[in-house]
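Residues per chain are reported as follows:
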Amino acid sequence: MTFFQTTSAALIALATASGAYAQEVTLRFQHFVSPKSANPTYFMQPWADKIEADSNGRIKVELYPFMQLGGKAQNQYDLIRDGAVDGGWVIPGYQPGRFPEAEAMELPFMVTKSGEAASRAAWQFTEKYLMDDFRDVKLIAAHMHGPGIVHKKGPALTSVEDLSGLKLRGPSRPATLLLDKLGAVPVGMPVPAFPEALSKGVLDGGVITWEMSPSLKLNELTDSHTDVAGDKSLYNLYFIWAMNQASYDALPDDLKAVIDANSGLEASAWAGRAHDQGDVVGREAMIADGNEIATLSEAETARIKALGEEVTAEWIADMTAKGLDGSALVEDARAFVAAN
């Protein structure tokens, strides 16, 4: 390249950069939990900071907790799709039946207790089965949390029979199906409503992660926390981190590239890893406050797994009746989990 060609290229690059840097974008993302909980602390805010850094300050991502921009957690997907917000955190299971294939990842004992590994599997499953379901948003990540724990008033669980008649909060259809099989009275409920329902005596407890326990004050509202034995989670929840498609499309190509570079498999793993980090902190907080921490025996866990297999078989039959290949969904979900 000649001197003049080099100089010309540099001037063009400088002019392009000067024009581009004049275009700055603020994106408003919202979620439905405390900003001090694990995903906002270890994923959402660091992700927002990285977007700003990678764009040289041209993109600023503002995070709004507790649905501060309006709407309910159950409607978050539609708020993003319709442009009420630029992006946010979604639990598809909060709208039962709308995204049925995603439930395969949430079936009992489907994923490991590693949120990071489960999230890698979730993204791979999403790429195969769910991209069309989420075609009207810009999908950034699909992830899972760490192990789901039974938190309740009174002593820890020692057997399946201890669950009989307990009114327990469940976050998704697969979770409530399992609770029903276990003899509990499942109550479908988004996480923001959980503490109030506990404090008013509407619930005896519920299933949720270690990491959410401190922000929900489960150290005060419950007395015991019981996990199952082994490396598989009693239940899990599928999440997406997504952006309004029009907001994404309005970005210049170089800023779209910044979003793209922070999307996909590694972003999903990052989101799952955030839950793993929070689980350590949450569990330690419950111990520090003197709450009872327990793990069911292998024998009792095996009994629950057997009931979980019934839930899975019935789910497969239900999906097949709806024209989906339920067996293939479960088989592939398990394969992706095993590969991670």
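Keep in mind that what you see is a predicted model, and the values were worked out from it rather than measured.

Definitions and cut-offs
Residues numbered from 1 in each chain as written. Predicted model: local features only at pLDDT ≥ 70, side-chain atom pairs only at ≥ 80, totals over all residues. Heavy atoms only, no water. Helix = DSSP H or I, 4+ residues; strand = E, 2+ residues; numbered from the N terminus. Rg over C-alpha atoms; globule rule 2.2 N^0.38 Å. Buried < 20%, exposed > 50% of the residue type's maximum accessible area, 1.4 Å probe, protein only. Contact = heavy atoms within 4.5 Å. Areas by Shrake-Rupley, 256 points an atom, 1.4 Å probe, with all protein chains shown as cover. Lys, Arg positive; Asp, Glu negative; His and termini not counted. Charge placed at Lys NZ, Arg CZ, Asp CG, Glu CD. Salt bridge = Lys/Arg side-chain N within 4 Å of Asp/Glu carboxyl O. Pairing = 2+ DSSP bridges. Axes fitted to C-alpha atoms, helices over the stretch in contact; angles between N-to-C directions.

Undergrad: What exactly am I supposed to notice about the overall build of the protein chain here?
TA: Scanning the protein chain from terminus to terminus reveals 12 helices and 11 strands. Since a compact globule built from 340 residues should have a radius of gyration of about 20 Å, the 22 Å found for the protein chain is in line with a globular shape. If you line up the protein chain on its principal axes, its C-alpha atoms span 80 × 45 × 35 Å. The buried share of the protein chain, reckoned over its 340 residues, is 54%. For the protein chain, long-range pairs separated by at least 24 residues make up 78% of all intrachain contacts whose partners lie at least 6 apart in sequence. Working note: accessible area of the protein chain is about 13900 Å², and carbon and sulfur atoms make up 54% of it. Of note, the protein chain has its 29 positive side-chain charges centred 3 Å away from the centre of its 45 negative side-chain charges.

Undergrad: It is not clear to me how the pattern of salt bridges should be interpreted in this structure. Could you clarify?
TA: Two side chains carrying opposite charge are able to pair once their charged atoms lie near each other. With the rule as written, the count across this model stands at 23 salt bridges. Note that Glu116 and Arg273 form a salt bridge whose closest N and O atoms lie 3.0 Å from each other. Of this pair, Glu116 sits in helix 4 (residues 115-129) while Arg273 sits in helix 10 (residues 265-288), and the two are 157 residues apart along the sequence. A relative accessible area of 23% places Glu116 in the partly exposed class. Classification of Arg273 as partly exposed rests on a relative accessible area of 31%. The partner of Asp204 in a salt bridge is Lys167, and the shortest N-O contact between them spans 4.0 Å. Of this pair, Asp204 sits in the loop between helix 6 (194-199) and strand 8 (205-209) while Lys167 sits in strand 6 (residues 167-170); the two residues are 37 residues apart in sequence, bridging distant segments of the chain. Asp204 sits in the partly exposed class, given a relative accessible area of 22%. Where salt bridges share partners, they join Asp78, Arg81, Asp82 and Arg98 into one cluster.

Undergrad: I tried to follow the sheet that holds strand 10 (residues 238-244) on my own but got confused; where do I start?
TA: To summarise the sheet geometry, strands pair through backbone hydrogen bonds and adopt either a parallel or an antiparallel arrangement. Read from one edge of the open sheet, 5 strands run 2-1-3-10-4, paired in mixed fashion. Whereas interior strands pair on both sides, the edge strands pair on one side only; in this sheet they are strand 2 (59-64) and strand 4 (137-144). The average undirected angle you get between the axes of adjacent strands in this sheet is 20°. Alignment of strand 1 (residues 25-30) against strand 3 (residues 87-90), held across 2 bridges, turns out to be parallel. By the bridge assignment, Gln30 is partnered in strand 3 with Gly88.

Undergrad: Help me understand the environment of Met131 in this model?
TA: Mapping Met131 onto the fold places it in the loop between helix 4 and strand 4. The exposure class of Met131 is partly exposed, given its relative accessible area of 38%. If near-sequence neighbours (up to four positions away) are discounted, Met131 is found in contact with Thr126 and Leu139.

Undergrad: What is the right way to read the environment of Gly115 from this model?
TA: As for its placement among the helices and strands, Gly115 is situated in helix 4. Through-space distance from the C-alpha of Gly115 to that of Lys181 is 25 Å; in sequence the pair is 66 residues apart. Beyond its immediate sequence surroundings of up to four residues, Gly115 is in contact with Met144, His145, Gly146, Gly272, Arg273 and Asp276.

Undergrad: Help me understand the sheet that holds strand 6, please; the structure alone is not making it clear to me.
TA: On the basis of which strands lie adjacent, the open sheet formed by 6 strands has the order 7-6-8-5-9-11 and mixed pairing. In this open sheet, the two edge strands, each paired with only one partner strand, are strand 7 (185-188) and strand 11 (292-295). For this sheet, the mean angle separating the axes of adjacent strands, direction not counted, is 30°. Strand direction decides the pairing type here: strand 6 and strand 7, joined by 4 bridges, are parallel. When the sheet's bridge partners are listed, Arg169 is paired in strand 7 with Val187.

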